[in-house]
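One-letter residues, chain by chain:
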Amino acid sequence: MAQKIAVIGMGQFGMAIAKSLTKKGAEVLVIDRNEHIIEEMGNRVALAVAMDATDKKTLLSQGILDFDAVVVAIGEDFEQLLLCTTLLMDIGVKRIMARARGKNQRVILEKIGVEEILSPEDEVGINVAERLMNPSIVSYLDLPDEFCIMEVAAPPDVIGRSLIDIDLRRRYHLNLITMKRGVDVEKNGEIVWEQHIYGIPKGESLIRENDSLILFGKRSHVERFIEINQ
């Protein structure tokens, strides 16, 4: 069954996400106040609706709780983005991604409990679409001939195992470039969790929970590695 994903806010960023998701086979609902934009998107996605995304009854009428994820990509009005995001949280939407333009907006979204925050300066729509379709993928870079460099969250079945035991090259035809590992660091008197580059992993290195693996290989091989070890 195709994933159902809603994208709220049809600026360039939101449009790029919606189009990429559609190409990947998702059932996409797009929402924006601008009727002209909605008319333009009408034949590019499953459903396009001109409406106020801060209206609870209107959102519920679109079956928003049935969607696998909602992306709040409102760019120009941060107050509207906050209102929309908190409403989605209050009514119990399964997964929310919200856009932050700059550090201050990111801090505010973190404070209200948003776990997945998008920074358009660091993301492109196609990358966000990839993360929505496969939550294990953190980021990726496509290369010629079906190759890619992909950062993936360590799948459950490899946690606690050594790189020698997993044998990425022989079993999965993948090379591990490096890993990212979370550490607690003090910033402005507060302890915050950050991921830092592990360095050059050795064969005996153990993969921990919340590690990210940066892999090189064919896209299909990375996807197989994730699927087998979920």
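All of these numbers come straight from a predicted model, not from anything done at the bench.

## Comments concerning helix H9 (residues 219–228)
Here's step 1: Taken as a whole, H9 has its buried residues at Val222, Phe225 and Ile226. Axial view of H9: buried residues confined to an arc of 95 degrees, hence all on one face.
Here's step 2: Where H9 is buried, its residues meet strand S7 (137–142), strand S8 (147–153), helix H7 (163–166), helix H8 (168–172) and strand S11 (212–218).

## Notes on the sheet that holds S8
Here's step 1: In space, the five strands of this open sheet follow the order S7-S8-S11-S9-S10, with antiparallel pairing throughout. Lying at the two open borders of the sheet, with one neighbouring strand each, are S7 and strand S10 (190–197). The average angle at which neighbouring strand axes cross in this sheet is 15 degrees, direction not considered.
Here's step 2: As paired strands, S7 and S8 are joined by five bridges and run antiparallel to one another. Bridge pairing links Leu141 to Ile149 in S8.
Here's step 3: This element, H9, spans S7, S8 and S11 of the sheet and lies at about 135 degrees to S11.

## What to know about the pattern of salt bridges
Here's step 1: Scanning all chains against the criterion turns up eight salt bridges.
Here's step 2: For Asp167, the salt bridge is made with Arg170, and the minimal N-O distance between the two is 2.7 Å.
Here's step 3: Among the residues examined, Arg170 registers a relative accessible area of 58% and is labelled exposed.
Here's step 4: One salt bridge connects Arg181 with Asp211, and the closest N-O pair in it is separated by 2.6 Å. Separated by 30 residues along the polypeptide, Arg181 in strand S9 (residues 175–187) and Asp211 in the loop between S10 and S11 bring together distant segments of the chain.

## Comments concerning unusual backbone geometry
Here's step 1: The residue Asp145 is not glycine, and still its phi comes out positive at about 60 degrees.
Here's step 2: Following the sequence through the fold, Asp145 ends up in the loop between S7 and S8.
Here's step 3: By relative accessible area, Asp145 is classed as exposed at 63%.
Here's step 4: The phi angle at His173 is positive, at roughly 60 degrees, despite the residue not being glycine.
Here's step 5: Looking at the element boundaries, His173 is found in the loop between H8 and S9.

## Remarks on the packing of aromatic side chains
Here's step 1: In total, this model carries two aromatic pairs according to the counting rule given.
Here's step 2: Aromatic side chains Phe147 and Phe216 sit 5.5 Å apart centroid to centroid with 10 degrees between the ring planes, which places their arrangement in the stacked category. Pair noted here: Phe147 is in strand S8 and Phe216 is in strand S11, with a separation of 69 residues, a long-range link.
Here's step 3: Plain terms: the ring middles of Tyr172 and Phe225 are 5.0 Å apart, the flat faces sit at 75 degrees to each other, and that makes the pair edge-to-face. Note that Tyr172 is positioned in helix H8 and Phe225 in helix H9, a separation of 53 residues in sequence.
Here's step 4: For Phe225, a relative accessible area of 0% puts it in the buried group.
Here's step 5: Across the ring face of Phe67, the terminal group of Lys4 is positioned such that the distance to the ring centre comes to 4.8 Å.

Quick notes on the rules
- Residues numbered from 1 in each chain as written.
- Predicted model: local features only at pLDDT ≥ 70, side-chain atom pairs only at ≥ 80, totals over all residues.
- Heavy atoms only, no water.
- Buried < 20%, exposed > 50% of the residue type's maximum accessible area, 1.4 Å probe, protein only.
- Helix = DSSP H or I, 4+ residues; strand = E, 2+ residues; numbered from the N terminus.
- Arc of directions from axis to C-beta.
- Contact = heavy atoms within 4.5 Å.
- Pairing = 2+ DSSP bridges.
- Axes fitted to C-alpha atoms, helices over the stretch in contact; angles between N-to-C directions.
- Salt bridge = Lys/Arg side-chain N within 4 Å of Asp/Glu carboxyl O.
- Phe/Tyr/Trp six-rings, centres within 6.5 Å; stacked < 30°, edge-to-face > 60°.
- Lys NZ or Arg CZ within 6 Å of the ring centre and 35° of its normal.

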